[in-house]
Amino acid sequence: MAQLDTLDLIVLAVLLVSSVAYFTKGTYWGIPKDPYASSYALANGNKAGKTRDILEKMDESGKNCVVFYGSQTGTAEDYASRLSKEGSSRFGLKTMVADLEDYEYGNLDTFPDDKVAMFVLATYGEGEPTDNAVEFYEFITGEDPSFSSGQGVDDKPLANLKYVAFGLGNNTYEHYNALVRRTDAALSKLGAIRIGEAGEGDDGAGTMEEDFLAWKEPMWTELSKKMGLEEREAVYEPVFSITEREDMSPDANEVYLGEPNKSHLEGTSKGPYNSHNPYIAPIAESREVFTVKDRNCLHMEIDISGSNLTYQTGDHIAVWPTNAGKEVDRFVHAVGLTEKRHSVISVKGLDPTARVPFPTPTTYDAAIRYHMEICGPVSRQFVSQLAAFAPDDASKAEMTKLGEDKDYFQERVSSQYLNIAQLLSRVNPNPWSKIPFSLFIEGVNKIQPRYYSISSSSLVQKKQISITAVVEEIRIPGSDNIVKGVTTNYLLALKQKQHGDPHPDPHGLTYAITGPRNKYDGIHVPVHVRHSNFKLPSDPSKPIIMVGPGSGVAPFRGFIQERAAQAKAGERVGKTVLFYGCRRSSEDFLYKDEWDTYKQSLGDSFELFLAFSREIPGQKIYVQKRLQEQADLVNELLQQKANFYVCGDAANMAREVSVVLGQIIAEKRGISNEKAESVVKGMRSSNQYQEDVWS
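Residues numbered from 1 in each chain as written. Predicted model: local features only at pLDDT ≥ 70, side-chain atom pairs only at ≥ 80, totals over all residues. Heavy atoms only, no water.

1. Let's talk about the overall build of the protein chain
Step number 1: Scanning the protein chain from N- to C-terminus turns up 22 helices and 23 strands.
Step number 2: At 27 Å, the protein chain has a C-alpha radius of gyration in line with the 26 Å of a compact globule built from 695 residues.
Step number 3: Projecting the C-alpha coordinates of the protein chain onto the three principal axes gives extents of approximately 75 × 70 × 60 Å.
Step number 4: A total of 695 residues make up the protein chain; the buried ones form 52% of that total.
Step number 5: Long-range pairs, those at least 24 residues apart, make up 77% of the contacts in the protein chain between residues at least 6 apart in sequence.
Step number 6: Of the accessible surface of the protein chain, which amounts to about 31,500 Å², a share of 49% is contributed by carbon and sulfur atoms.
Step number 7: Averaged over its 75 positive side-chain charges, the protein chain has a centre that lies 2 Å from the centre of its 95 negative ones. (Helix = DSSP H or I, 4+ residues; strand = E, 2+ residues; numbered from the N terminus. Rg over C-alpha atoms; globule rule 2.2 N^0.38 Å. Buried < 20%, exposed > 50% of the residue type's maximum accessible area, 1.4 Å probe, protein only. Contact = heavy atoms within 4.5 Å. Areas by Shrake-Rupley, 256 points an atom, 1.4 Å probe, with all protein chains shown as cover. Lys, Arg positive; Asp, Glu negative; His and termini not counted. Charge placed at Lys NZ, Arg CZ, Asp CG, Glu CD.)

2. Observations concerning the sheet that holds strand E15 (residues 464-470)
Step number 1: Here six strands make up an open sheet; going across it, the order is E14-E11-E18-E9-E10-E15 and the pairing antiparallel. Looking along the sheet, the strands with just one partner apiece sit at the ends: strand E14 (450-453) and E15. Direction aside, the axes of adjacent strands within the sheet are offset by 40 degrees on average.
Step number 2: Pairing geometry for strand E11 (residues 316-319) and strand E18 (residues 524-530), over four bridges, is antiparallel. Looking at the pairing, Ile 317 lines up with Val 529 of E18. (Pairing = 2+ DSSP bridges. Axes fitted to C-alpha atoms, helices over the stretch in contact; angles between N-to-C directions.)

3. Notes on the pattern of salt bridges
Step number 1: Going through the model one piece at a time under the given rule, you end up with 40 salt bridges.
Step number 2: Lys 519 is paired through a salt bridge with Glu 259; the nearest N and O atoms lie 3.0 Å apart. Highlighted residues: Lys 519 in the loop between helix H16 (486-498) and E18 and Glu 259 in the loop between strand E8 (240-244) and helix H8 (262-265), separated in sequence by 260 residues.
Step number 3: A relative accessible area of 1% places Glu 259 in the buried class.
Step number 4: Arg 369 is the salt-bridge partner of Asp 365, the closest N and O atoms lying 3.1 Å from each other. Remark: Arg 369 and Asp 365 occur in helix H10 (residues 364-371); sequence separation between them is four residues, near one turn of the helix.
Step number 5: Several salt bridges converge on common partners, so that one network encompasses Glu 86, Arg 90, Lys 216, Glu 217 and Glu 231. (Salt bridge = Lys/Arg side-chain N within 4 Å of Asp/Glu carboxyl O.)

4. So, the nonpolar core
Step number 1: Among the nonpolar cores identified, the biggest contains 39 residues, and Phe 331, Ile 368, Leu 386, Ile 420, Leu 424, Phe 437 and Phe 440 are the most heavily contacted of them.
Step number 2: Only helix H9 (325-334), strand E12 (344-349), H10, helix H11 (380-387), helix H12 (393-404), helix H13 (406-412), helix H14 (420-427) and helix H15 (437-443) provide two or more residues apiece to this core.
Step number 3: For Phe 440, the residues in contact, after removing those within four places along its chain, are Phe 331, Val 335, Met 372, Phe 382, Leu 386, Ile 420, Leu 424 and Ile 435.
Step number 4: With 33 residues, the next largest nonpolar core counts Met 300, Val 319, Leu 491 and Leu 494 among its residues. (Core = buried A, V, L, I, M, F, W, Y, C linked by side-chain atoms within 4.5 Å.)

5. Some words on helix H20 (residues 631-639)
Step number 1: The set of residues buried in H20 consists of Ala 631, Leu 633, Val 634, Asn 635, Leu 637 and Leu 638.
Step number 2: A positive phi of about 70 degrees marks Lys 641, the residue just after H20.

6. Let's talk about the packing of H9 against H10
Step number 1: Taken N-terminus to C-terminus, the directions of H9 and H10 make an angle of 130 degrees; their axes are 10 Å apart at the nearest point. As far as their axial angle goes, H10 and H9 are oblique. Crossing hand, H9 versus H10: right-handed. On H10, the residues that touch Gly 325, Val 328, Phe 331 and Val 332 of H9 are Asp 365, Ile 368 and Arg 369.
Step number 2: Here the residues of the contact of H9 with H10 sort into four nonpolar, one polar and two charged. (Parallel < 35°, antiparallel > 145°, perpendicular 65-115°, else oblique. Left-handed = near helix turned anticlockwise from the far one by under 90°. Nonpolar A, V, L, I, M, F, W, Y, C, P; charged D, E, K, R; others polar.)

7. Comments concerning the packing of aromatic side chains
Step number 1: Applying the stated criterion across every chain yields a total of 30 aromatic pairs.
Step number 2: Put simply, the rings of Phe 68, Tyr 105, Phe 119, Phe 136 and Tyr 163 touch in pairs and so form one group of aromatic residues.
Step number 3: Above the plane of the ring of Tyr 451 lies Arg 530, whose end atom (NZ or CZ) is 3.6 Å from the centre.
Step number 4: One residue, Arg 557, lies across the ring of Tyr 591, its end atom 4.6 Å from the ring centre. (Phe/Tyr/Trp six-rings, centres within 6.5 Å; stacked < 30°, edge-to-face > 60°. Lys NZ or Arg CZ within 6 Å of the ring centre and 35° of its normal.)

8. Focus: the sheet that holds E12
Step number 1: Read across the open sheet, the three strands follow the order E8-E12-E13; overall the sheet is antiparallel. Sheet topology places E8 and strand E13 (362-363) at the edges, where each strand pairs with a single neighbour.
Step number 2: Pairing of E12 with E13, which is carried by two bridges, proceeds in the antiparallel orientation. Each bridged residue has a counterpart across the sheet, and for Val 344 the counterpart in E13 is Thr 363.

9. Here's the deal with the environment of Pro 617
Step number 1: By secondary structure assignment, the location of Pro 617 is in the loop between strand E21 (606-612) and helix H19 (623-629).
Step number 2: Judged by its relative accessible area of 78%, Pro 617 falls in the exposed class.
Step number 3: Each C-alpha atom of the pair Pro 617 and Arg 655 lies 26 Å from the other, and the pair is 38 residues apart in sequence.

10. Observations concerning the side chain of Asn 132
Step number 1: By secondary structure assignment, the location of Asn 132 is in the loop between strand E4 (128-129) and helix H5 (134-140).
Step number 2: Looking at Asn 132, the relative accessible area reads 8%, which means it is buried.
Step number 3: One polar contact links Asn 132 to Thr 130, side chain to side chain, over a distance of 2.8 Å.
Step number 4: Apart from the residues within four sequence positions on either side, Asn 132 is in contact with Tyr 69, Gly 70, Ser 71, Asp 99, Leu 100 and Glu 101. (Polar contact = N/O pair within 3.5 Å; in protein donor to acceptor, adjacent residues only side chain to side chain.)

11. So, the state of the cysteines
Disulfide: a covalent bond formed between the sulfur atoms of two cysteine residues.
Step number 1: Enumeration over the complete set of coordinates arrives at zero disulfides.
Step number 2: Unpaired in terms of disulfides, Cys 647 finds its nearest cysteine sulfur in Cys 297, a separation of 12 Å.
Step number 3: Looking at Cys 647, the relative accessible area reads 0%, which means it is buried. (Disulfide = S-S within 2.5 Å.)

12. Here we look at the confidence of the model for the protein chain
Step number 1: Residue-level pLDDT values for the protein chain average 91, and 93% of them are 70 or greater.
Step number 2: Segment residues 6-49: pLDDT under 50, and 41 contacts once partners within four positions in sequence are set aside and those in other chains are kept. (pLDDT = per-residue confidence, 0-100.)

13. Things to note about the environment of Arg 355
Step number 1: By the element assignment, Arg 355 lies in the loop between E12 and E13.
Step number 2: On the accessibility criterion, Arg 355 (42% relative accessible area) is partly exposed.
Step number 3: For the pair Arg 355 and Leu 386, spaced 31 residues apart in sequence, the C-alpha separation works out to 22 Å.
Step number 4: Beyond its immediate stretch of four places on either side in the chain, Arg 355 contacts Lys 50, Tyr 69, Asp 99, Asp 102 and Phe 240.
Step number 5: Polar contacts involving the side chain of Arg 355 include one to the side chain of Asp 102, which spans 2.6 Å.

So this is what it looks like as structure tokens:
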């Protein structure tokens, strides 16, 4: 037999690897995590070698309670921090908060029975784990997770593990609180012992906070019995130390003035760009797409050339917001920091497991402006904590009542959509200077990126990402308070600046739009890209039906843009149907002039059905009605295995569309409503029915 030379061996090896790749579909090396995500350590220059063994970490730091969180927007992380603090201050537990993606779980079978694990898990999208919970979720719910003892599921390897569980969900989604339910079931199956009920908070009903508060009290009672804990009077114990650095000027090169990490501070920002490390992207183009003066909808083109960022049609772009100057000023005054707002501070964790939520040294102003969600909703539990630091007895009594009486709190705070500075100023207009700044760092959420469905096709414009965003402004009935969208008004200010306004002031708000140390000058915005499962079929000849009223049309503009380009290139493109709705054709008909252009490329394969809710007095026509009117077409395409997509409001439109679709299937196929609902459910589970919705 002839001897193989080096080239022969290389060719054979490549063929072998290719064959394995084809037949296993990447099973052996498939990475379930977001392809755009990367290490926070890389983004921040953190030292390597941090242990991924949670038991080792607990032993090193003397902890007997770990609170894990799976969080996409920061809310679950906030609840985890609150549980950790309360366990420490009220019950003397030695607690730590842990990001699920920071640890491995193969040794949970050796978790000591004198310790407890808590899981605070948000459900993301259509019953999916949050990005940081993917590895844990896939491990714990796997058919046969591999533990250090070698025991299988039937051996109940987690019999020593005591755990507590709380989920964050939204009842407008089909898979309500799926993550906590599935995780709870998996832990129980493996022999773990749950303490108390598995709590469920409902963002869809607007009761998340009250659900959490109602769940945690009986949970603490049960946990105290199981672990022999004694409740004590809760006294504020700071998690962070705040040191005012009189030796440092805010102009010093080592002081963070809003930069997200060290590479941005040093002006050497580099990828990978992700949820810990934004790309400061130029805005290539911005324009208004509404034609009325009292409402705004922005179209923006974000240039990602040279960033190594990539996206696929249907993905999301995250915009990192900045708080409005008016709200920063309000907060600074309310907490008595007006004279010290530009003082340099160092923030350090008083416990080795405490993670400072922003880089330091920084200034009070920079921390408030760039890192704290000061315009977010106020927690009743946080109000109770602040009562002890009220400027006088009357204010303390009012804050105590607000913290204890949920109906009173709903009437005076929640229903008015007050932020924390507004609340403090209403209770007492004088500065609340006794409140430790560390308490605000702990009690006010970290400001989170806002996600927008990308409204362009990666096939057509690889280096520019389109955003379609309605500028939010909510007027509260019976109140002088107007809630303004933090990020959309920031984008509107950038658009105004790009169009020549030297001092943009959208809706009475101003923004530091040139960024820290003018690093965003020239109309730039910090962004990253997030992968989505909301995707066109890989075969362009497959028919699709899209339902997207208002700005819900954003991803479908990208879908149709892509199919038009494919048709132009000579590919066979399947039936492409869009149901779109808005108020009036003359006011808010998004991309009105583009649809005819796409029609020229797609021909009869493209059909657009329009619903105008305020075009004709007394006739409110919505996309659901148009869908019903086209029942024959919809059923015919579904029987051809058309993909069905919905984007927009989850609470009303998306839910009603799902109902209408079931009615169409029942009527046209002569089956019962129950059977039709089962068909729709099957479409969802097979990914034939996809949603990109929000509440």
